[in-house]
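If you want the building blocks of each chain, they are given just below.
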Amino acid sequence: MNKSNKNKVIASGLKKIRMGIRQIVLLFIDSYELILGKRDKLTPPKRLVNINEGDAKKIGEEFLQYFIEKGGLKNTDSILDIGCGFGRMARPLTSYLSDQGKYEGFDITPKSINWCAKNFTPKFPNFHFQIFDVYNARYNPKGNYKASEYKFPFENNSFDFILLTSVFTHMLPQDIENYTSEISRMLKTGGRCFITYFILNNESLSQIDKKESVFSFQHHFEKYRIEDEAKPEYAVAYEEKNIRELYNRHGITIIEPIYYGNWSGRNDFLSFQDIIIGIKN
């Protein structure tokens with residue numbers, strides 16, 4: 001074995017050791033929190049969540065208010081949550097939706113869907129979770145289907161409310177084009193979609209130039225920018241005018257105003273990412 005290969009084997013071994021130690025530490029923390037009542041059964045254990053979800057309970061409760069106050073969500077609505085993860089948005093909805101309401105959660109990570117199906121559905125039978133095997137370089141590199149071609153397994157006009165939080169911020173143009181088409185197809189007439197973005201406009205671009213934003217989005221392409229050229233889907237930002245054109249193409253009207261986030265370093269904001277609420281014509 002040459003020196004280069006030997007170093008790779010050593011590095012791989014050290015990485016596995018670190019991961020093992022991390023899992024042991026997180027198992028201890030999970031058990032401690034459960035025993036002391038600091039984590040309820042609808043909060044996933046830390047050892048499972050390897051994607052940073054922040055304070056899931058706090059963020060979920062924050063967004064529930066946005067869904068209701070900004071998006072007009074009703075407790076009898078049928079909801080599709082694309083990119084539901086470990087149920088960060090499903091959790092607060094369990095105490096809001098009535099028996100007439102319905103929730104469908106979709107995600108590309110099997111362990112999150114398996115966990116949600118086990119912990120939510122038995123107690124809340126109007127909450128369902130499904131895996132969709134779509135490729136994403138960051139979250140599902142072994143996915144079998146292209147996001148640009150995927151068709152969701154729901155009938156036309158199936159949902160009153162479709163939400164995507166921190167999903168289009170990790171998707172490229174041809175992918176969000178298809179998803180937007182599918183969202184329009186699945187929404188009932190008058191149904192609403194609630195989607196978060198990184199939006200490029202005069203103010204956010206000015207903040208980026210002044211280096212006051214969280215992301216630099218230094219790699220430029222037509223209509224969009226990315227943060228990491230080696231991992232394009234790590235963070236993706238879109239020009240506002242192109243998002244407006246995208247909605248128009250698919251029969252969705254933006255409900256003004258757009259709620260801009262503080263990712264760009266702006267002083268007037270609602271949340272971290274930008275929020276666009278649309279209604280199907």
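Reading the values: the criteria
Residues numbered from 1 in each chain as written. Predicted model: local features only at pLDDT ≥ 70, side-chain atom pairs only at ≥ 80, totals over all residues. Heavy atoms only, no water. Helix = DSSP H or I, 4+ residues; strand = E, 2+ residues; numbered from the N terminus. Contact = heavy atoms within 4.5 Å. Areas by Shrake-Rupley, 256 points an atom, 1.4 Å probe, with all protein chains shown as cover. Pairing = 2+ DSSP bridges. Axes fitted to C-alpha atoms, helices over the stretch in contact; angles between N-to-C directions. Buried < 20%, exposed > 50% of the residue type's maximum accessible area, 1.4 Å probe, protein only. Polar contact = N/O pair within 3.5 Å; in protein donor to acceptor, adjacent residues only side chain to side chain. Right-handed = clockwise from strand over helix to strand, strands pointing away. 1 Å grid on protein atoms, 1.4 Å probe; cavity = no way out; pocket = protein on both sides within 12 Å on 5 of 7 lines; lining within 4 Å. Points joined across faces, edges and corners; volume = space filled by probe spheres on them. Nonpolar A, V, L, I, M, F, W, Y, C, P; charged D, E, K, R; others polar. Left-handed = near helix turned anticlockwise from the far one by under 90°.

Enquirer: So what exactly am I meant to see when it comes to the overall build of the chain here?
Expert: Scanning the chain for helices and strands turns up seven helices and eleven strands. A fraction of 68% describes how many contacts in the chain between residues 6 or more apart in sequence connect residues 24 or more apart. As displayed, the chain offers around 14,800 Å² of accessible surface, 53% of which is attributable to carbon and sulfur atoms.

Enquirer: Could you clarify how one ought to interpret the sheet that holds strand β10 (residues 252-254) in this entry?
Expert: Each strand in a sheet pairs with its neighbour through backbone hydrogen bonds, running either in the same direction (parallel) or in the opposite one (antiparallel). The seven strands are arranged β3-β2-β1-β4-β5-β11-β10 in an open sheet whose pairing can be described as mixed. Here the strands that pair on one side only, and so sit at the sheet edges, are β3 (127-131) and β10. Ignoring which end each strand starts from, the neighbouring axes of this sheet average 20° apart. Pairing of strand β1 (residues 78-82) with strand β2 (residues 102-107) involves five bridges; the strand directions are parallel.

Enquirer: Sorry, what's going on with the pairing of β1 here?
Expert: Looking down a regular strand, the side chains alternate between one sheet face and the other. Here β1 lies mainly inside the structure; five of its five residues are buried. Neither face of β1 is left uncovered, since the one carrying S78, L80 and I82 and the one carrying I79 and D81 both have all their residues buried. Summarising the sheet, β1 and strand β4 (residues 159-164) pair through three bridges and their orientation is parallel. Counted as the bridge partner of L80 is I162 from β4.

Enquirer: Explanation requested: the side chain of T180 in the structure shown.
Expert: Within the secondary structure, T180 sits in helix α5 (residues 173-186). A distance of 2.6 Å separates a polar atom in the side chain of T180 from the backbone oxygen of I176.

Enquirer: What is the right way to read unusual backbone geometry from this model?
Expert: Trans is the prevailing form of peptide bonds, just as negative phi is the prevailing case for residues other than glycine. In this structure, the amide linkage connecting E256 to the following residue, P257, adopts the cis form with an omega of 5°. Tracing the backbone shows P257 in the loop between β10 and β11 (274-280). A positive phi is found at S166, a non-glycine position, where the angle reads about 55°. The residue S166 is located in the loop between β4 and α5 in this model. Relative accessible area serves as the criterion here: at 25%, S166 is assigned to the partly exposed category. Its identity is not glycine, yet F217 carries a phi of approximately 40°, on the positive side. Mapped onto the elements, F217 comes out in the loop between α6 (202-209) and β7 (219-221). Classification of F217 as buried rests on a relative accessible area of 0%.

Enquirer: Help me understand the pairing of β2 in this model?
Expert: Most of β2 is tucked away, with five of its six residues classed as buried. One ladder, built from five bridges, connects β2 with β3; its direction is parallel. The residue of β3 that forms the bridge with Y103 is F127. With helix α4 (residues 110-119) bridging β2 and the parallel β3, this β-α-β connection has right-handed handedness.

Enquirer: Just to check I follow, could you spell out the side chain of T109 for this structure?
Expert: Looking at where T109 falls in the secondary structure, it is placed in the loop between β2 and α4. At 2.6 Å, the side chain of T109 and the side chain of D107 are in polar contact. At 2.5 Å, the side chain of T109 forms a polar contact with the side chain of S112.

Enquirer: Explain empty space enclosed by the protein here, please?
Expert: Once rolled over the atoms, a probe with the size of a water molecule shows which space is left empty. Under the defined criterion, the tally for this structure stands at one cavity of 30 Å³ or more. Considering only enclosed or pocket space, the largest cavity measures out at about 50 Å³ in volume. If you trace the largest cavity, you find ten residues lining it, with L42, A56, G87, R88 and R91 closest to the centre. Residues of the lining of the largest cavity, tallied by class, amount to four nonpolar, two polar and four charged.

Enquirer: How should the packing of α5 against helix α7 (residues 240-249) be read in this particular structure?
Expert: A pair of packed helices is captured by two measures, namely the crossing angle of their axes and the spacing between those axes. One can describe the packing of α5 onto α7 by two numbers: an axis separation of 9 Å at closest approach and a directional angle of 40°. Of the two elements, α5 crosses α7, and the hand of that crossing is right-handed. Packed against α5, whose contacting residues are I176, E177 and T180, the element α7 presents I243, L246 and R249 at the interface. Residue composition of the contact of α5 with α7, grouped by class: three nonpolar, one polar and two charged.

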